[in-house]
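Analysis of the macromolecular model
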There are 2 protein chains.
Amino acid sequence: MGRKSIFKTLTLATILILFACYAFFNTFKLAESEIPIASRENLISSPSNSAPVKIYMYDLPRKFTLGVIKSYATARGGLKGPLTYPGNQHSAEWYLFSDLTREGRVGSPVTRVLDPEEADVFYVPFFSSLSLVVNPIRPGNGEVQKGLVYSDEEMQEGLIQWLEEQGYWRRNNGWDHVFVCQDPNALYKVVERVKNGVLLLSDFGRLGGNQASLVKDVILPYSHRIRSFDGDVGVESRKSLLFFMGNRYRKEGGKVRNLLFQILENEDDVTIKHGAQSRESRRAASQGMHTSKFCLHPAGDTPSACRLFDAIVSLCVPVIVSDYIELPFEDVIDYRKIAVFVDTKSAVKPGYLIKLLRGVSTERILKFQQELKKVKRYFEYEDPNGTVNEIWRQVSQKLPLIKLMINRDKRIVTRDLPEPDCSCLCSNQSGIDTIL
Amino acid sequence: MGRKSIFKTLTLATILILFACYAFFNTFKLAESEIPIASRENLISSPSNSAPVKIYMYDLPRKFTLGVIKSYATARGGLKGPLTYPGNQHSAEWYLFSDLTREGRVGSPVTRVLDPEEADVFYVPFFSSLSLVVNPIRPGNGEVQKGLVYSDEEMQEGLIQWLEEQGYWRRNNGWDHVFVCQDPNALYKVVERVKNGVLLLSDFGRLGGNQASLVKDVILPYSHRIRSFDGDVGVESRKSLLFFMGNRYRKEGGKVRNLLFQILENEDDVTIKHGAQSRESRRAASQGMHTSKFCLHPAGDTPSACRLFDAIVSLCVPVIVSDYIELPFEDVIDYRKIAVFVDTKSAVKPGYLIKLLRGVSTERILKFQQELKKVKRYFEYEDPNGTVNEIWRQVSQKLPLIKLMINRDKRIVTRDLPEPDCSCLCSNQSGIDTIL
């Protein structure tokens with residue numbers, strides 16, 4: 001045997017051994033990928049609720065989904081171009097629907113299933129917020145009489161009728177159904193009938209404590225309406241102390257607005273302007289929010305408003321004057337790190353707010369901005385790891401309580417209850433004047 | 001080069017290559033194990049709440065834990081042998097403490113951390129149920145005056161004093177603290193001060209709706225007091241239709257017991273006996289529950305009782321006559337599959353219960369027994385994948401609400417609330433007479 005043949009043998013042996021090693025290595029890899037996901041997770045961590053929640057989206061009659069967009073366009077002179085959801089602050093319904101419809105969903109906290117029998121929860125994708133505003137203004141009497149007018153109330157009733165024909169709806173008293181009703185008035189006519197479900201909403205303003213709650217439901221952020229600020233933290237380009245632009249006159253809790261205007265409109269470093277929604281005012285608001293240190297968020301007709309989310313994506317520190325506000329994703333976001341809270345009574349004392357904000361150091365403002373940057377993605381509906389994923393994660397977390405209520409409801413016997421059968425989580429916090 | 005040296009070269013090369021492959025393979029393994037758990041899970045599935053919840057067990061002064069066992073023994077003539085928790089139905093406190101103390105905890109839904117800074121939740125391992133019964137009977141006046149007597153109330157007050165010195169207790173208003181108080185009277189003197197915490201209890205009987213609830217707390221099973229039935233499903237060896245042994249006279253909801261005795265004690269295929277807890281009566285109860293098809297579970301002073309869990313581990317179908325009962329782990333256990341529910345009003349109608357149970361087919365009983373077998377492990381505190389793991393899993397599921405309440409509490413401003421600040425989950429189920 002010559003040197004060459006020794007080398008040949010060695011080379012061959014090496015190749016064979018390498019191949020064997022490769023095969024061996026791959027056997028392990030393959031074996032692992034064949035374990036069902038739930039068990040694979042057990043290998044790594046706890047046997048707790050790790051498997052992604054399975055969601056079934058109802059194939060609703062088209063009139064409840066894309067048909068609403070069409071009706072909206074028709075009422076405004078017809079579709080111009082392809083069917084697209086009109087830009088507005090209540091577009092969660094569109095993003096959630098699109099997400100579940102999308103091919104190749106990965107990294108989502110919920111897995112879409114096409115067989116309802118496999119589902120943990122059922123999503124009802126009615127565009128309830130857009131449906132509310134399909135008619136641009138009050139339609140003429142003639143149109144109403146001719147039945148030509150889109151009727152949101154009829155749509156709501158129609159949805160319930162359709163649901164009541166579904167076995168899965170009746171099966172568990174609706175506890176495992178998820179509805180989106182982001183506009184405070186969405187589904188108003190039928191909310192009493194869907195209240196067992198998980199409601200995705202921005203506000204409890206119009207709902208009773210037995211219809212919606214932090215425990216049962218999920219608070220959604222509004223879609224921000226002005227463009228995000230892409231710059232870095234800093235105060236150099238933010239000369240204005242406080243910015244607000246919006247409707248000066250509101251009902252109920254929103255009455256604080258007029259009072260705030262009165263005490264703030266003569267301050268030099270404050271921009272406070274009355275203005276309605278329009279493309280132009282949005283542009284002005286973007287400009288204002290991107291160049292101010294703080295952005296005022298007073299209550300509107302209900303405690304929430306999209307301005308908060310505009311401020312967040314603008315890295316403009318929100319100053320929240322809305323005593324009853326509930327905030328999205330508060331289990332993962334500590335809002336004290338990104339916003340200033342002031343109770344209404346203090347906020348309307350002349351000089352109080354201005355003195356408070358002028359006293360905040362630059363260092364502190366930068367800290368707020370850094371924190372705002374960290375949580376910004378939670379308020380970006382279009383971020384692949386943004387709002388939509390977080391909403392589904394929140395829905396997933398409801399599953400144990402959903403299952404508990406389903407099982408418990410079915411075995412409850414007749415009894416005399418002195419008060420409603422409620423299980424509550426109560427805060428005994430007496431409240432603070434301001435958090436700064 | 002001879003044949004031998006060729007073989008030597010080949011062997012050496014093979015060894016080297018195998019070693020290289022091994023190193024290569026291990027590099028991958030190591031690299032994977034270095035990724036933090038949360039990210040590793042992201043590689044596999046959803047980014048949802050998969051990481052095991054981290055629990056910190058307080059190193060309480062010994063008098064609150066093992067010291068209680070010692071006091072209990074001392075009050076009964078001193079320790080005989082090693083320090084062991086006395087057998088009783090409220091021994092969850094012992095099992096949970098032992099579990100967290102145990103070396104090499106794997107497969108648990110919670111990870112014990114030794115640094116409180118890392119913890120998601122804090123476990124306070126006071127043996128509150130044993131503490132209640134340390135004194136066998138009322139102590140003599142002389143002993144009380146000498147201060148020689150164990151005082152549970154002083155222990156409770158002492159615990160709060162100790163807690164109030166802990167920064168982690170004050171930090172989040174107690175929301176992230178976990179207390180075990182399985183006896184309906186455990187912690188009664190201080191429950192108002194620990195009510196923000198997650199309470200592990202068997203009953204809401206003595207607590208207000210703002211102190212404890214299905215949403216905030218975890219319902220525990222009692223430890224079963226009779227031995228498990230290890231046999232298979234079947235009715236051949238179960239000649240008795242219905243079995244009950246226990247106290248005939250109880251307060252409040254438990255008054256139903258005397259009525260049930262009256263209507264059942266003359267039935268041929270029913271065994272219903274008045275009897276107090278004792279080793280002998282437990283033996284008789286084991287015998288009775290292992291040879292009966294159904295086991296009666298009437299309310300006691302409070303809606304729950306350990307008899308239910310004795311019945312379950314005996315594969316004796318529980319007949320629950322306790323209108324306000326709450327059941328452990330009801331998100332994962334559908335009790336209609338393992339028990340018969342009858343409302344009190346119907347149950348005390350002469351003939352009703354007997355007729356109902358006699359009408360159940362053997363097939364149906366076998367189905368019940370099969371389901372009982374499936375869920376039995378949830379009621380075995382000593383099963384490595386039994387009650388203890390399930391309790392921790394339930395605690396883990398509270399984490400999102402705990403975090404929400406912690407964050408929310410800290411930013412709530414002063415406001416006028418017309419009613420308490422509660423978030424509820426309400427059942428609108430009007431109830432059914434019986435489920436069979």
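Under an unreviewed UniProt entry, the name given to chain A is Exostosin family protein, and the organism recorded is Actinidia rufa. Looking at the Sequence similarities (unreviewed entry) heading of the UniProt record, one finds this comment for chain A: "Belongs to the glycosyltransferase 47 family." Its UniProt record, at the heading Subcellular location (unreviewed entry), says of chain A: "Golgi apparatus membrane".

Let's shift gears to the state of the cysteines. What we call a disulfide is simply a covalent bond connecting the sulfur atoms of a pair of cysteines. Summed over the entire model, instances satisfying the criterion amount to five disulfides over all chains. With a sulfur-sulfur separation of 2.1 Å, Cys422 of chain A is cross-linked through a disulfide to Cys426 of chain B. Across the S-S bond linking Cys422 of chain A and Cys426 of chain B, the dihedral sits near 110°, which makes this disulfide right-handed. Placement of the pair is Cys422 of chain A in strand β12 (residues 421-427) and Cys426 of chain B in strand β12 (residues 421-427), with the two residues belonging to separate chains. Each sulfur of the disulfide joining Cys424 of chain A and Cys424 of chain B lies 2.1 Å from the other. Where Cys424 of chain A bonds to Cys424 of chain B through sulfur, the torsion about that S-S bond is close to 105°, and the disulfide is right-handed.

The next thing to look at is the sheet that holds strand β4 (residues 177-180) of chain B. Residues and elements named next belong to chain B. Read across the sheet, six strands follow the order β2-β1-β3-β4-β5-β6 without closing on themselves; strand pairing throughout is parallel. Two strands close off the open sheet at either side, each with one partner strand: β2 (110-112) and β6 (218-219). By the bridge criterion, three bridges tie β4 to strand β5 (residues 198-201) in an arrangement that is parallel. Bridged to Val180 within β5 is Leu200.

Residue and element names in this part refer to chain B. Volume-wise, the largest pocket comes out at about 1,400 Å³. Listing elements by their share of the lining of the largest pocket, those giving two or more residues are α3 (66-74), α5 (128-132), β7 (240-246), α11 (279-290) and α12 (307-313). Sort the elements by how many residues they give to the lining of the largest pocket and α11 lands first, with four residues. Residues of the lining of the largest pocket, tallied by class, amount to 18 nonpolar, 17 polar and twelve charged. Summarising the domain contributions, the lining of the largest pocket has at least three residues from each of domain 2 (53-219) and domain 3 (240-379).

This next bit is on the packing of aromatic side chains. Residue and element names in this part refer to chain A. Counted under the stated rule, the structure contains 36 aromatic pairs over all chains. Centre to centre, the rings of Phe97 and Phe127 are 5.3 Å apart; their planes meet at 90°, and the pair counts as edge-to-face. Residue Phe97 is found in helix α4 (residues 92-101), and its partner Phe127 is found in the loop between β3 (121-124) and α5 (128-132); the two are separated by 30 residues along the sequence. Across this residue pair, the class does not change: Phe97 and Phe127 are buried. Clustering of aromatic rings is evident, with ring pairs tying together Tyr56, Tyr58, Phe122, Trp162 and Tyr168. Positioned over the ring face of Tyr72 is Arg76, at 3.5 Å from the centre of the ring.

Thresholds applied
- Residues numbered from 1 in each chain as written.
- Chains lettered and ligands numbered in written order.
- Predicted model: local features only at pLDDT ≥ 70, side-chain atom pairs only at ≥ 80, totals over all residues.
- Heavy atoms only, no water.
- UniProt positions renumbered as here; feature names shortened; annotations may be inferred.
- Disulfide = S-S within 2.5 Å.
- Helix = DSSP H or I, 4+ residues; strand = E, 2+ residues; numbered from the N terminus.
- Pairing = 2+ DSSP bridges.
- 1 Å grid on protein atoms, 1.4 Å probe; cavity = no way out; pocket = protein on both sides within 12 Å on 5 of 7 lines; lining within 4 Å.
- Points joined across faces, edges and corners; volume = space filled by probe spheres on them.
- Nonpolar A, V, L, I, M, F, W, Y, C, P; charged D, E, K, R; others polar.
- Domains from an automatic or database assignment.
- Phe/Tyr/Trp six-rings, centres within 6.5 Å; stacked < 30°, edge-to-face > 60°.
- Buried < 20%, exposed > 50% of the residue type's maximum accessible area, 1.4 Å probe, protein only.
- Lys NZ or Arg CZ within 6 Å of the ring centre and 35° of its normal.

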